[in-house]
Amino acid sequence: MAVPVAFFALFFAYPVTAIVGRGLKAEGDWQFGRIGEVLSRPDILGVLWFTTWQALASTALTLLIALPGAYVFARFDFPGKQVLRAVVTVPFVLPTVVVGTAFLALLGRGGLLDELWGVRLDTTVWAILLAHVFFNYAVVVRTVGGLWSQLDPRQEEAARVLGAGRFAAFRRVTLPALAPAVAAAALMVFLFTFTSFGVVQILGGPAYSTLEVEIYRQTAQLLDLPTAAVLTLVQFAAVGGILAVHAATVRRRERALKLVDPAQTSRRPRGVGQWALLGGVLLTALLLILLPLGVLVERSLDGPGGYGFGYYEALRSVGAGGSSTFLVPPLEAVGNSLRYALVATLIALVVGGLAAAALTRRAGRLVRGFDALLMLPLGVSAVTVGFGFLITLDKPPLDLRTSWILVPLAQALVGVPFVVRTMLPVLRAVDDRLREAAAVLGASPLRAWREVDLPLVRRAVLVAAGFAFAVSLGEFGATVFIARPDNPTLPVAVARLLGRSGELNYGQAMALSTILMLVCAVSLLLLERIRTDRSGEF
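**Remarks on the overall build of the protein**
Scanning the protein from terminus to terminus reveals 23 helices and six strands. When each of the 538 residues of the protein is scored for burial, the buried share is 50%. The contacts in the protein between residues at least 6 apart in sequence include a share of 78% that link residues at least 24 apart. Accessible area for the protein stands at about 24,400 Å²; split by element, carbon and sulfur atoms hold 64% of it.

**A closer look at the nonpolar core**
As a rule of thumb, nonpolar side chains are buried together in soluble globular proteins. Of all hydrophobic cores here, the largest spans 153 residues; its most connected members are Phe7, Leu94 and Phe389. Per element, the largest residue contribution to this core is 15 residues, and it comes from helix H7 (residues 125-148).

**Topic: empty space enclosed by the protein**
Considering all chains together, one arrives at five cavities of 30 Å³ or more under this definition. When its volume is computed, the largest cavity comes out at roughly 760 Å³. Residue lining of the largest cavity: 35 residues in total, with Thr96, Phe192, Thr195, Leu378 and Val414 positioned closest to the centre. Contributing elements (two or more residues each) for the lining of the largest cavity: helix H4 (81-93), H7, helix H9 (166-194), helix H10 (198-203), helix H17 (382-392), helix H18 (406-429) and helix H20 (445-474). For the lining of the largest cavity, the class distribution of residues is 23 nonpolar, 10 polar and two charged.

**Concerning the packing of aromatic side chains**
Across all of its chains, the model carries 15 aromatic pairs by this definition. Centroid distance Phe73 to Phe78: 6.3 Å. Interplanar angle 55°. Geometry classified as tilted. Just as Phe73 is buried, Phe78 falls in that class too. By way of ring pairs, the aromatic residues Phe197, Tyr216, Phe387, Phe476 and Phe481 are connected into one cluster.

**Some details on the pattern of salt bridges**
Counted by the stated rule, this structure contains eight salt bridges. With a shortest N-O distance of 3.3 Å, Asp486 and Arg484 are connected by a salt bridge. The network of salt bridges with common partners includes Glu115, Glu298 and Arg299.

**A look at unusual backbone geometry**
Although it is not a glycine, Leu223 sits at a positive phi angle of roughly 55°. Inspection of the secondary structure assignment puts Leu223 in the loop between helix H11 (211-221) and helix H12 (225-256).

**Let's talk about the side chain of Thr195**
The residue Thr195 is located in the loop between H9 and H10 in this model. The buried category is assigned to Thr195, whose relative accessible area is 18%. Here the side chain of Thr195 touches Leu191 through a polar contact of 2.9 Å, landing on its backbone oxygen. Not counting chain neighbours up to four residues away, the residues in contact with Thr195 comprise Glu212, Gln235 and Val239.

**A few points about the confidence of the model for the protein**
Of the residues in the protein, 90% reach a pLDDT of 70 or more, and the chain-wide mean stands at 81. Mean pLDDT across the elements of the protein ranges from a minimum in helix H16 (residues 365-375), with 69, to a maximum in helix H3 (residues 42-75), with 92. Low pLDDT, under 50, characterises residues 534-538; the stretch is placed with four contacts to residues that sit more than four places away or in other chains.

**What about the side chain of Lys81?**
Examined against the element boundaries, Lys81 turns out to sit in helix H4. Within the buried set, Lys81 has no salt-bridge partner at all; the shortest N-O distance to an opposite charge, 5.1 Å, is to Asp77. Residues within four places of Lys81 in sequence aside, it is in contact with Phe73, Phe76 and Ser266.

**Some remarks on helix H13 (residues 271-301)**
Over its 31 residues, H13 extends 43 Å from the first C-alpha to the last, a length consistent with the 45 Å expected when each residue adds 1.5 Å. In the structure, H13 departs most strongly from a straight axis at Leu290, where the bend amounts to approximately 40° and where the proline Pro292 lies between one and four residues downstream. Among the residues of H13, those classed as buried are Gln274, Leu278, Val281, Ala285, Leu288, Ile289, Pro292, Leu293, Val295, Leu296, Arg299 and Ser300.

**Some remarks on a positive patch on the surface**
A surface patch of positive charge is lined by Arg160, Arg166, Arg267 and Arg270. Within the fold, Arg270 resides in the loop between H12 and H13. Given the relative accessible area of 57%, Arg270 is considered exposed.

**Quick look at the packing of H3 against H7**
Between H3 and H7, the shortest axis-to-axis distance is 6 Å and the interhelical angle comes to 45°. Classified by the angle between their axes, H3 and H7 sit oblique to one another. Our pair here, H3 against H7, has a crossing hand that is right-handed. Of the residues that constitute the contact of H3 with H7, the class distribution is 21 nonpolar, seven polar and one charged.

**Overview of the environment of Leu104**
Note on placement: Leu104 falls in helix H5 (residues 96-107). When the C-alpha atoms of Leu104 and Leu203 are compared, they prove to be 6.7 Å apart, with 99 residues separating the residues in sequence. Those residues in contact with Leu104, other than ones at most four positions away along the chain, are Asp122, Ile202, Leu203, Leu498 and Tyr506.

**Side note on the packing of helix H15 (residues 332-359) against H20**
Where H15 contacts H20, the two axes come as close as 8 Å, and the packing angle between them is 135°. In terms of orientation, H15 and H20 fall into the oblique class. The handedness of the crossing between H15 and H20 is right-handed. Residues Ser337, Leu338, Ala341, Leu342, Ala344, Thr345, Ala348 and Leu349 of H15 lie in contact with H20, whose contacting residues are Val461, Ala464, Ala465, Ala468, Phe469, Ser472 and Leu473.

**Quick word on the environment of Gln218**
Looking at the secondary structure, you find Gln218 in helix H11. Take Gln218: its relative accessible area is 1%, and that puts it in the buried class. The spatial distance from the C-alpha of Gln218 to the C-alpha of Leu231 is 9.5 Å, given a sequence separation of 13 residues. Not counting the four nearest positions on each side in its chain, Gln218 is found in contact with Arg41, Leu223, Asp224, Thr227, Ala228 and Leu231.

Cut-offs applied
- Each residue is numbered by its place in its chain's sequence as written, counting from 1.
- Note on the predicted model: pLDDT of at least 70 is required for a residue's local features to be given, and 80 or more for side-chain atom pairs to be given and counted; whole-chain, interface and lining totals, by contrast, use all residues.
- Excluded from the side-chain calculation are hydrogens and water; included are all heavy atoms of the structure.
- Going along the chain from the N terminus, every DSSP run of H or I of four or more residues is numbered as a helix, and every run of E of two or more is numbered as a strand.
- Per-residue accessibility, obtained with a 1.4 Å probe over protein chains only, is compared with the maximum for each type, and a residue is labelled buried under 20%, exposed over 50%, and partly exposed between these values.
- Contacts are residue-level and defined by heavy atoms, with any inter-residue pair within 4.5 Å sufficient.
- All accessibility values rest on the Shrake-Rupley procedure with a 1.4 Å probe; residue burial counts only the protein chains present in the view.
- Side-chain atoms within 4.5 Å are what join buried Ala, Val, Leu, Ile, Met, Phe, Trp, Tyr and Cys residues into a set we call a nonpolar core.
- Space inside and on the surface of the protein is sampled on a 1 Å grid over the protein atoms alone, with a cavity defined as a set of points where a 1.4 Å probe fits but cannot get out and a pocket as an open set with protein on both sides within 12 Å along at least 5 of 7 lines; lining residues have an atom within 4 Å of a point.
- Grid points are joined across faces, edges and corners, and a volume is the space filled by probe spheres set on the points.
- Side-chain classes follow a simple rule in which Ala, Val, Leu, Ile, Met, Phe, Trp, Tyr, Cys and Pro form the nonpolar group, Asp, Glu, Lys and Arg form the charged group, and the remainder, Gly included, forms the polar group.
- Ring geometry is summarised as follows: Phe, Tyr and Trp rings, the Trp one being its six-membered ring, pair when their centres sit within 6.5 Å, and such pairs are stacked at plane angles under 30 degrees, edge-to-face over 60 and tilted between the two.
- Each salt bridge in this description consists of a side-chain nitrogen of Lys or Arg and a carboxyl oxygen of Asp or Glu lying within 4 Å of one another.
- For the purposes of these results, a polar contact is taken to be a pair of N or O atoms within 3.5 Å, where, inside protein, one atom must be able to donate a hydrogen and its partner to accept one; residues adjacent in sequence count only when each atom of the pair is a side-chain atom.
- A residue's pLDDT is the confidence the predictor assigns to it, expressed on a 0 to 100 scale.
- As used throughout, the charge tally considers Lys and Arg to be positive and Asp and Glu to be negative, leaving His and the chain termini uncounted.
- Working rule for helices: expected span equals 1.5 Å times residues minus one.
- The bend reported for a residue corresponds to the angle between axes fitted to the seven residues ending at that residue and the seven starting there.
- Nonpolar side chains (Val, Leu, Ile, Met, Phe, Trp, Tyr) are joined into patches within 5 Å and like charges within 9 Å, using only residues with over 30% relative accessible area and no salt bridge.
- Throughout, a charge is located at the NZ atom of Lys, the CZ atom of Arg, the CG atom of Asp or the CD atom of Glu.
- Here the axes come from fitting lines to C-alpha atoms, over the contacting stretch only for helices, and the angles between their N-to-C directions go from 0 to 180 degrees.
- Relative orientations are named as follows: roughly parallel for angles under 35 degrees, roughly antiparallel for angles over 145 degrees, roughly perpendicular for angles from 65 to 115 degrees, and oblique for any other angle.
- Should the near helix be turned counterclockwise from the far one by less than a right angle, the crossing is left-handed, whereas a clockwise turn marks it as right-handed.

See below:
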């Protein structure tokens, strides 16, 4: 536990408490009255209201659209199922900046809808809601569909034999069993949309602002640290409550159900109704997921002189078309992001792996508190973390403001929770008697870990590394503060290009977003192959 605790204390707790303390202190005294002053302002109340209701609306719309998909993936067996499962999961690992850019190409000025029917939805709440559904569709499909595929269908069939109709059997048998998983998925969707930043910033325009966007505005544009500190505390408290409810829901699901092998529950569709449902899910995936991504690629190739790679070629030069957005060619952001993400992945694997190993030893409240500590980066504004890095890690012996390692450290904070959640269930499944047998035969704890645990959790480590790499590659909230102008990351480069007018800047943003999307998609397809490869299962 020592290394993860030290890592989080130094690179998370210290910057966050420093930035909040600077905002709530005046002449050395705490000014807690500022909390009431900030929360009573009409503009802040409007931000809180919009943040809450758009998250509720996004969650409800996501459940409505994604639950049929969860059923199809759980109960139906059809050609291309594994590929489609990977495709619908691609949006979840895409950076929010890319998601916003894809929907801007579809719904914004000069987008597909604008060209075909003269309709623009950017700067409207509908664009935000649709982008949130696109981003979180896989959360519901994976969470609910994974449990649904393991529910014994004979229970619902027994209810049908006893006279219950199809809907009544589902409502009384299947739905109560799925309720914890649905609740867990809904809470996670609400969490992601409640803390939405890149999507709202790109698609919402000045009219809409979530807590995360407002924290960024108050910090980076207005330099109003007291207001930013209060909003950080509000977001932290709200997300902490969401995570607590989510943890209770997961515990309930784990102990309430008896599950079966998913291979026993999947079959080919039968009847017109089931084939129609499968077709509807495929059409939804086409319109909701593939269409925005396809339009993004098309816009990256649609140059002034016709289709080609003109925008990609322009990424190789500085100031193309009179632009001074970058000090270096935008294409260098690709190499920067890959290097940063690799280093961040290594850090996340070391810190998260040690943390997961510590959590396998159940030790009461201490370990439960440690588990909660690992999830804290999901509950604090990434903007606050990034700005906190700048004002705290600027003095010896930790003067890192000009060091390249600052970006991977911020990215690793986001990757550690994914590593822990991926490795922990597998580590807990390892039989302690194997370790004990190795110890009896003279193996040291390190050798027992290397020769007993590591071979069994190898696939989990690879999957954890893939997720950590994907989320590190797309981190934006903290990186936007600390990425140097001569070493931008891909998400920061895309945001800078979108922030400038001109057709060339727009086309380069589409090209960079397409590159980032392809890298994330390849990472996910490799993860899917590892996950479904049964050759190494135990």
